[in-house]
Amino acid sequence: MKETICTIPINDIFMEKSGCPFCRMYDMLETQYATFITGSAMMDPETRVSTNKKGFCKKHFEKITEVGKRLPNALILQTHLQYILDNYFPKNTHSRPDKKKLLALDEMLHTCYICDRIQNDVEHFLRTVFKEWETNPEFRKLYQEQEFICLEHYQQITTISLKGVPSKHLADFHKDTADLAKKQLELLIADTTHFCNMFDYRNRDADWGNSRDAIERDLRFLAGIPLPEENKTEE
Ligand SMILES: [Zn+2]
Ligand SMILES: [Zn+2]
C-alpha cells in the first residue's frame, strides 16, 4: 500500500454541515490527488508509470483538467496514449481481434489512478472518524448534526464499521449513521411526493413548500450529484 500524500482535517470536514460529510471528504481527496498529479508529481517517473497504465475514470479525467494546467495535462495524456497504442493495438490491424488484448483493455478502462489511491486512503481516514466518534463527545455531536449521509456512503461506512468499530459501540454508531441516511430518505420521499402532487390541477393554488428542488436533492442523495448552486459557488 502506498503512503498517502493527502491530509484530511476530519474536524473541519464535519464542522461544515451541508450535504454528506463523506462526499466532502472524497471531494477533498480527489482535488488533492488531481493537484498532486498535475503539479509536484508531474515529472515523478513512478507516478507517471502508474498513470500511463491505469489512466483515469471519466470523473477524474475531468478533475485533472479542471485542476491542472494545460501542459502537465498534455504530458500525462501523451504518454498514456502511447502506452495504449503499444499495449492494446496489434501492429497489423488486418488480423483477427486479439481476445487477450481486448480483455486487458477492458480492465484498463475500468481502473483509475485517483480512484485506486483514494480506495487505499479511505479506510485510513475512516479509522480516524471511528476513533473520534468513540472517544470525543464533541465530534460525536458534530457527526449527529450532519445534514444527511448519502446512500452510497451509508452503505460503505456501515460496511467498514463492522470491522472498524468495537462491537460494544456498533449499535450506537449504526444508529447515528443510519438515522442520517434514513431521515433524509423519508424527507425526500415526502418532498418528491409533494412535487408530484403539485402537478394535479386541484393543487394549482397550493404551496410548493420545499419541493421545488426535490429532484436535484434526490440525485444528490442517490448519486452524490451536487446541487446546481453548489456547482456555481465552486466556479
Ligand atoms: Zn456521500
Ligand atoms: Zn476515478
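Residues numbered from 1 in each chain as written. Chains lettered and ligands numbered in written order. Predicted model: local features only at pLDDT ≥ 70, side-chain atom pairs only at ≥ 80, totals over all residues. Heavy atoms only, no water.

Overview of the coordination of the zinc ion (ligand 1)
Convention followed: Any nitrogen, oxygen or sulfur atom within 2.8 Å of a metal ion counts as a donor, with the limit raised to 3.2 Å for Na, K and Ca, and since water is left out, coordination shells can look unfinished. Just to be clear on the cut-offs, tetrahedral is four donors with all angles between 85 and 135 degrees, square planar is four donors and octahedral six with opposite donors over 155 degrees apart and all others between 65 and 115, and anything else goes down as irregular. Working definition: with a 1.4 Å probe on protein chains only, accessible area under 20% of the residue-type maximum means buried, over 50% means exposed, and in between means partly exposed.
Note on the zinc ion (ligand 1): its protein donors are Cys 20 (SG), Cys 23 (SG), Cys 150 (SG) and His 153 (ND1). The metal-donor distances range over 2.0 to 2.4 Å. Here the zinc ion (ligand 1) binds 4 donor atoms, and the angle range of 97 to 115 degrees at the metal identifies the geometry as tetrahedral. Read in sequence order, the donor residues coordinating the zinc ion (ligand 1) give the pattern C-x2-C-x126-C-x2-H. Here Cys 150 and His 153 have matching classes, each one buried.

Section: the pattern of salt bridges
What counts is decided by this rule: Within this document, salt bridges are pairs made up of a side-chain nitrogen of Lys or Arg and a carboxyl oxygen of Asp or Glu, the two lying within 4 Å of each other.
Within this structure, the stated rule accounts for 11 salt bridges. Glu 145 is the partner of Lys 141 in a salt bridge, and the nearest nitrogen-oxygen pair spans 3.0 Å. You can call Glu 145 partly exposed: its relative accessible area is 32%. One salt-bridge network, in which partners are shared between bridges, spans Lys 17, Lys 141 and Glu 145.

Remember that the coordinates give geometry; whether it matters functionally is a separate question.
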